[in-house]
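Fold and geometry: a report
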Amino acid sequence: MNKCNVIFDIDGVIVDSEQLHFDVLIDVVTDALAKQDVTQISAIQPQQLIGLSLTETLNKVGVPLSMHQSMTEKIISHYQEKLSVHYLRPGVTDVIAALQRNGTNFGFVSTAPRHVCLANLGLLALKDPPALISGDDVERTKPFPDPYLAMLKLKEMDVRQTLVIEDTDLGISAAKQAGIPWIYAWPHALSGTEQYEQASCVIETLTEIPQFSAIRVINRHE
């Protein structure tokens, strides 16, 4: 496996969590409606929320700003309760284990709160604490390049030798603006509205990435 720097998005790439995020959001908001904490929300589909931060999601759904903190805490709590290894995407565990064995410089970037990111990454059982830039760590998140620029600096990555794996146009735009040359789009069930026009390549499996082609992938969670 050729050495390079690798940056992974988390939701949609490490974990197939987009539908879970939406279901948890609807459960929490529905409960708030029943208690009349919220009187009205906007009709919305899960595809419309892909790539957004939790704050942006609550705004889009129409949750009042005064409810954001309490709603965020409930959403994070419910999400962590429902999360399991069955949400890991195929091949992720094997690829990351191979990167660790190879001494590859890698990290994770997300718009999600740090608690959510760490819950997702906890499914990987990494031997060392993950290098992570979450939505809490930057003033501007995707589609701005700040999260990727922060990771390049944190891990002292040469941008010319770095690749990114993303599932959203917002994330791909952020990586592109950061000057990262190789950006792989990895679609999932809710990716139908994504265009991936700025991606270097659209893949169906991680082993289509040349640097990962020699990795043996085992389906553990069927």
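Keep in mind it's a predicted model, so treat the numbers as computed, not measured. The numbers attached to residues start from 1 for each chain and follow its sequence in the written order. Reporting of local features is limited, given that this is a predicted model, to residues whose pLDDT is at least 70; pairs of side-chain atoms are given and counted only at 80 or more, and all residues count toward the totals for whole chains, interfaces and linings. Side-chain calculation: all heavy atoms of the structure are included, whereas hydrogens and water are not.

1. Focus: the packing of aromatic side chains
Counted only if it meets this: Geometry of aromatic contacts follows a simple scheme: Phe, Tyr and Trp rings, the Trp one being its six-membered ring, pair when their centres are within 6.5 Å, and the pair is stacked under 30 degrees between planes, edge-to-face over 60, tilted otherwise. Secondary structure elements are defined from DSSP: runs of H or I of at least 4 residues count as helices, runs of E of at least 2 residues count as strands, and each element is numbered from the N terminus. For each residue, the accessible area found with a 1.4 Å probe, counting protein chains only, is set against the maximum for its type, and the residue is called buried under 20%, exposed over 50%, and partly exposed in between.
According to the stated counting rule, one finds 3 aromatic pairs in the structure shown. Between the aromatic rings of F8 and F106, the centroid separation amounts to 6.5 Å while the plane-to-plane angle is 90°, which identifies the pairing as edge-to-face. Of this pair, F8 sits in strand β1 (residues 5-9) while F106 sits in strand β2 (residues 106-109), and the two are 98 residues apart along the sequence. Given a relative accessible area of 1%, F8 falls into the buried group. Since its relative accessible area comes to 13%, F106 is described here as buried. Aromatic pair F106 and F108: ring centres 5.8 Å apart, planes at 85°, arrangement edge-to-face.

2. Describing the nonpolar core
Note that soluble globular proteins tend to have their nonpolar side chains buried in a common cluster. Under the convention used in this document: We define the nonpolar core as a collection of buried residues of types Ala, Val, Leu, Ile, Met, Phe, Trp, Tyr and Cys that are connected through side-chain atoms lying within 4.5 Å of one another. Here the bounds of each domain stem from an automatic or database domain assignment. Should any heavy atoms of two residues lie within 4.5 Å, those residues are considered in contact.
F8, I14, F108, I165 and F212 are the most contacted members of the largest nonpolar core, which totals 50 residues. Every element with two or more residues in this core is listed here: β1, α1 (18-34), α2 (54-61), α3 (68-82), α4 (92-102), β2, α5 (114-122) and β4 (162-166). At 7 residues, α1 tops the list of elements feeding residues into this core. Two domains share this core, each providing at least three of its residues, namely domain 1 (5-16 + 88-212) and domain 2 (17-82). In contact with I14, not counting residues within four places along its chain, are F8, D9, Y87, L88, R89, V92, I96, F108 and L124. Among the nonpolar cores identified, the runner-up in size contains 19 residues, and A131, A178, A185 and Y196 belong to it.

In short, the description is geometric, and any link to function would need to be established separately.
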